Amino acid sequence: MNQLSINKMILKTPKVSLLIIYLFAITLAACSSVKSDYEEAKKANSIESNSDFLEKYEDSEYTDEIIELREDAYFQFIKETATETGTTDLYKQSSIIDSYFIEYPKGKYLKEVNEFKETVLFQKARKLDSPTAYRSYLIEYPQGVYLNKANELKEKSLYKKARSSKRIGYLDDYLEEYPNGVYLSEVSKLRERIVFETAKSDNTIDGFEGYLIEYPNGLYLKEAERSIELLMYQSTLDSKSS
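Conventions used here
- Residue numbers here run from 1 along each chain, matching the order of that chain's written sequence.
- pLDDT decides what is reported in this predicted model: residues at 70 or higher carry local features, side-chain atom pairs at 80 or more are listed and counted, and totals for whole chains, interfaces and linings draw on all residues regardless.
- Derived side-chain values reflect all non-hydrogen atoms in the structure, with water molecules and hydrogen atoms excluded from consideration.
- Patch membership needs two things, relative accessible area over 30% and no salt bridge, and members are linked within 9 Å if like-charged or within 5 Å if nonpolar (Val, Leu, Ile, Met, Phe, Trp, Tyr).
- Here the open area of atoms and residues is found with the Shrake-Rupley method and a 1.4 Å probe, where only the protein chains shown may cover a residue.
- When a carboxyl oxygen of Asp or Glu is within 4 Å of a side-chain nitrogen of Lys or Arg, the pair counts as a salt bridge.
- Charge convention: Lys and Arg are scored as positive, Asp and Glu as negative, and His as well as the terminal groups of each chain are ignored.
- Charge positions are represented by NZ for Lys, CZ for Arg, CG for Asp and CD for Glu.
- Secondary structure is summarised from DSSP: a helix means a run of H or I of at least four residues, a strand means a run of E of at least two, and numbering begins at the N terminus for each.
- For every residue, the accessible area (1.4 Å probe, protein chains only) is compared with the maximum for its type, and the residue is labelled buried under 20%, exposed over 50%, or partly exposed between those bounds.
- Only buried Ala, Val, Leu, Ile, Met, Phe, Trp, Tyr and Cys residues count toward a nonpolar core, and they belong to the same one when joined by side-chain atoms within 4.5 Å.
- The criterion used for residue contact is that any of the two residues' heavy atoms lie within 4.5 Å.
- Pairing of aromatic rings covers Phe, Tyr and the six-membered ring of Trp, with a centre-to-centre limit of 6.5 Å; geometry is then stacked below 30 degrees between planes, edge-to-face above 60, and tilted otherwise.
- A score from 0 to 100, pLDDT tells how confident the predictor is in each residue.
- All axes are obtained by fitting lines to C-alpha atoms, using only the stretch in contact for helices, and the reported angles, taken between N-to-C directions, cover 0 to 180 degrees.
- For classification purposes, an angle smaller than 35 degrees is called roughly parallel, one larger than 145 roughly antiparallel, one from 65 to 115 roughly perpendicular, and anything else oblique.
- In this scheme the crossing of two helices becomes right-handed for a clockwise turn of the near helix relative to the far one and left-handed for an anticlockwise turn of less than a right angle.
- Residues are sorted three ways: Asp, Glu, Lys and Arg are charged, Ala, Val, Leu, Ile, Met, Phe, Trp, Tyr, Cys and Pro are nonpolar, and all the rest, Gly among them, are polar.

S.K.: When you look at a negative patch on the surface in this model, what are you seeing that I'm missing?
M.R.: Judged by side-chain charge, Glu 48, Asp 52, Glu 55, Glu 58, Asp 59 and Asp 64 come together as a negatively charged surface patch. The leading source of residues in the negative patch is helix H3 (residues 47-56), at 3 residues. Within the fold, Glu 55 resides in helix H3. On the accessibility criterion, Glu 55 (65% relative accessible area) is exposed.

Here it is, written out as structure tokens:
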């Protein structure tokens, strides 16, 4: 029924029925608008179009279908974003994926989205290439798809950090976490060398004795013993001269 037909009916109808017909016309127009908006949202099939429809029509005969279509569109967007190759914005990917869990805590794509999340978290760890980043992945996915690779890279990352910093603390962290590690020999030798070089730099009897206590059969045993002898001899000379 078009607007012209409705107007003709109104002119020919007693005043008592005018209100009823007017309300009927408004309802008819509203239904037509809802259906039109529904068809547009369905055709566009995007997060935005479905969200706009749901915001406008919270309770219509099409609401449940649009809610489902919105989740489908959301998942498709996540899928395209999470599998995008060469992207550097891993934090954005992670944020988009996390938003799905917030919006759809019981969603039908939870398993698939969680798999995307695991992949992105592992990629973030590789990009940061730090022990902390790999630990974050391993804590969240202790039996994850990338478990072995993450453990391997975590050890390597901790080794590189210890080697480059040449700090006893980082070397001890590696030795404590990987007592049988791939880089055990290199880290042990580096640690011993640093302890000896520190003693050599301080050039005190206590320093060299500290080295010998820690490494009684160390690589620098003879040099440390000789240094102690020289320091003791020098101390004796100083005492005599004073």
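S.K.: Mind showing me how you'd approach the pattern of salt bridges here?
M.R.: As a working rule, side chains carrying opposite charge can pair if their charged atoms are close by. According to the stated counting rule, one finds 16 salt bridges in the structure shown. The partner of Lys 56 in a salt bridge is Asp 37, with the nearest N and O atoms 3.0 Å apart. Residue Lys 56 is found in helix H3, and its partner Asp 37 is found in helix H2 (residues 15-44); the two are separated by 19 residues along the sequence. The class of Asp 37 is buried, set by a relative accessible area of 19%.

S.K.: Please explain the nonpolar core as it appears in this structure.
M.R.: One recurring pattern in soluble globular proteins is that nonpolar side chains are buried together. In terms of nonpolar packing, the biggest core is built from 14 residues, with Tyr 74, Ile 78, Ile 97, Tyr 100, Val 113 and Phe 116 touching the most fellow members. Where this core is concerned, the elements lending two or more residues are helix H4 (63-82), helix H5 (90-103) and helix H6 (110-128). With 5 residues, the single largest contributor to this core is H4. Dropping the residues within four chain positions of it, Ile 97 is found in contact with Ile 78, Ala 82, Val 113, Phe 116, Lys 117 and Val 120.

S.K.: How should the packing of aromatic side chains be read in this particular structure?
M.R.: Aromatic rings considered in pairs are described by the distance between their centres and by the relative angle of their planes. Here the structure, examined in full by the defined rule, presents 20 aromatic pairs. Arranged with centres 5.9 Å apart and planes meeting at 80°, the rings of Tyr 74 and Tyr 104 form a pair that is edge-to-face. Of the two residues, Tyr 74 is situated in helix H4 and Tyr 104 in the loop between H5 and H6; the sequence distance between them amounts to 30 residues. Relative to Tyr 183, the ring of Tyr 159 has its centre 4.2 Å away and its plane inclined at 5°; by these criteria the two rings are stacked. Of this pair, Tyr 159 sits in helix H8 (residues 147-165) while Tyr 183 sits in the loop between helix H9 (168-177) and helix H10 (184-202), placing them 24 residues apart in sequence.

S.K.: What am I meant to see in the confidence of the model for the chain here?
M.R.: Should the pLDDT be low somewhere, the predicted coordinates at that spot are not to be read in detail. In the predicted model, the chain carries a mean pLDDT of 86, and 84% of its residues have values of at least 70. Within the chain, helix H1 (residues 3-12) has the poorest average pLDDT of any element, 54, and helix H11 (residues 205-214) the best, 97.

S.K.: Honestly, the packing of helix H7 (residues 131-140) against H8 in this entry has me stumped. Any pointers?
M.R.: Describing two packed helices takes the angle between their axes plus the distance from one axis to the other. Contact geometry of H7 with H8 gives a least axis separation of 8 Å together with a crossing angle of 160°. The orientation of H7 relative to H8 falls into the category roughly antiparallel. Considering only the axes of H7 and H8, their crossing is left-handed. Of the residues in H8, those touching H7 at Pro 131, Tyr 134, Arg 135, Tyr 137 and Leu 138 are Leu 147, Ala 150, Asn 151, Leu 153, Lys 154, Ser 157, Leu 158 and Lys 161. Looking at side-chain class alone, the contact of H7 with H8 contains 8 nonpolar, 2 polar and 3 charged residues.

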